[in-house]
Amino acid sequence: MTMTAEPGSLHQRILSDISEKILSGVWAPGHRIPFEHELTAEYNCSRMTVNKALSQLAKAGLIERRRRSGSFVRRPHSQAAILEIHDIRTEVEATGLPYHFERVSRHKRRSSAEDRELLGLDATGSVLAVECRHFAGKRPFCQEKRLINLSAVPEAEEEEFLEISPNPWLVGHVPWNAAEHRIRAMAADEDVASALDIGVGSPCLVVERRTWNAERPVTQVRFVYAAESHELVARFAPSQG
C-alpha cells in the first residue's frame, strides 16, 4: 500500500530541499529552479503546494521569481559582513513598539564537544547556556540561544538574567576585541516555530555571533528572526585609494 504524505509535510520537504541546495552552494546564484510543473511531478503534489513553498523562499530572499521565465537562485546584493553589535531592545524600540524579554532557560554545564566547537574552545570547561525570547509589543521578535564561557566571564555564574538580558549584561561586564558574524537563512523547525509563534517551515533569518577578549572566547549566540518581519542593512562608502 502506497502512503501519500500530507500536504503540510510535502510543503516542508520542498522548502527544506531547495533551501539546502541553495545554502550549501549546490545551486549557485543564477541557477534556475525547476519549473512548478517539474516540482509538482517530482514531489507528486499539487501545484498550489509548490507555489506556496516557492513564495516563501522568495520572501526569505533566497530566490527571485521572474514572470514567464521561472524562479532563480537570488544573487546576493553584498557579501560584506555587518560588524555592529546591536542590542535587541534598540532594534525593537526603533520600530516604535514596547520591548520586553523573558528568560526561557538557564543551565550551567560541563562543555560538550558541540559547545567547544561553537565557542572555539580548546579544552573542556564550564559553560552557561541561556535561552531568551525577545518581544516587540505582544509579538515574539527574536529567539536567542547563547553559550557563555565561564572561564572568561566567571561572574556570569551568579547572574540569573531575569531583569537584564545576556547581551547588555556582557557588554557591561567584559570587553571584547574581536567578533565574528555569520548570517544565513533557515526554515523554522518546531522549536523555532513555537518560540516565534510562526508556522513550521516559515523562512527565518539567523544571525550567529562569537566574540573574543584577548584571544579568549567569551560567548557564542544565535539569534533567529521571522524573515518577513526583519532585515539587516549595512551602510558603507567606497574604499579610499
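What comes next is a walk through the structure. Treat the numbers as computed from the prediction; the structure is a model and nothing was measured.

Conventions used here
Residues numbered from 1 in each chain as written. Predicted model: local features only at pLDDT ≥ 70, side-chain atom pairs only at ≥ 80, totals over all residues. Heavy atoms only, no water. Helix = DSSP H or I, 4+ residues; strand = E, 2+ residues; numbered from the N terminus. Buried < 20%, exposed > 50% of the residue type's maximum accessible area, 1.4 Å probe, protein only. Contact = heavy atoms within 4.5 Å. Areas by Shrake-Rupley, 256 points an atom, 1.4 Å probe, with all protein chains shown as cover. Pairing = 2+ DSSP bridges. Disulfide = S-S within 2.5 Å. Axes fitted to C-alpha atoms, helices over the stretch in contact; angles between N-to-C directions. Left-handed = near helix turned anticlockwise from the far one by under 90°. Nonpolar A, V, L, I, M, F, W, Y, C, P; charged D, E, K, R; others polar.

**Concerning the overall build of the protein**
Argument step 1. Each helix and strand counted, the protein has seven helices and nine strands in total.
Argument step 2. Evaluated residue by residue, the protein yields a buried proportion of 43% over its 241 residues.
Argument step 3. Looking at the protein alone, contacts between residues at least 24 apart form 60% of all its contacts between residues at least 6 apart.
Argument step 4. Surface accessibility of the protein: about 14300 Å² in total, with carbon and sulfur atoms responsible for 50%.

**What about the pairing of strand β3 (residues 70-73)?**
Argument step 1. Two strands pair when backbone bridges link them, and strand β1 (residues 32-33) and β3 are joined in this way by two bridges, in the antiparallel orientation. When the bridges of β3 are listed, Arg32 appears paired with Phe72.
Argument step 2. Hairpin connection from strand β2 (residues 63-66) to β3: three residues lie between these consecutive antiparallel strands, with Arg68 at a positive phi of about 70°.

**Quick word on the state of the cysteines**
Argument step 1. Tallied over the entire structure, the rule returns zero disulfides.
Argument step 2. Sulfur of Cys132: no disulfide; nearest cysteine sulfur belongs to Cys142 and is 9.6 Å away.

**Considerations on the packing of helix α2 (residues 36-43) against helix α3 (residues 47-59)**
Two quantities define a packed helix pair, namely the angle between the helix axes and the distance between the axes.
Argument step 1. Two numbers describe how α2 lies on α3: the axes approach to 9 Å, and their chain directions differ by 115°. Once α2 is placed against α3, the crossing between them reads as right-handed. Residues Glu36, His37, Leu39 and Thr40 of α2 pack against Arg47, Val50, Asn51 and Leu54 of α3.
Argument step 2. Of the residues contributing to the contact of α2 with α3, the split by class is three nonpolar, three polar and two charged.

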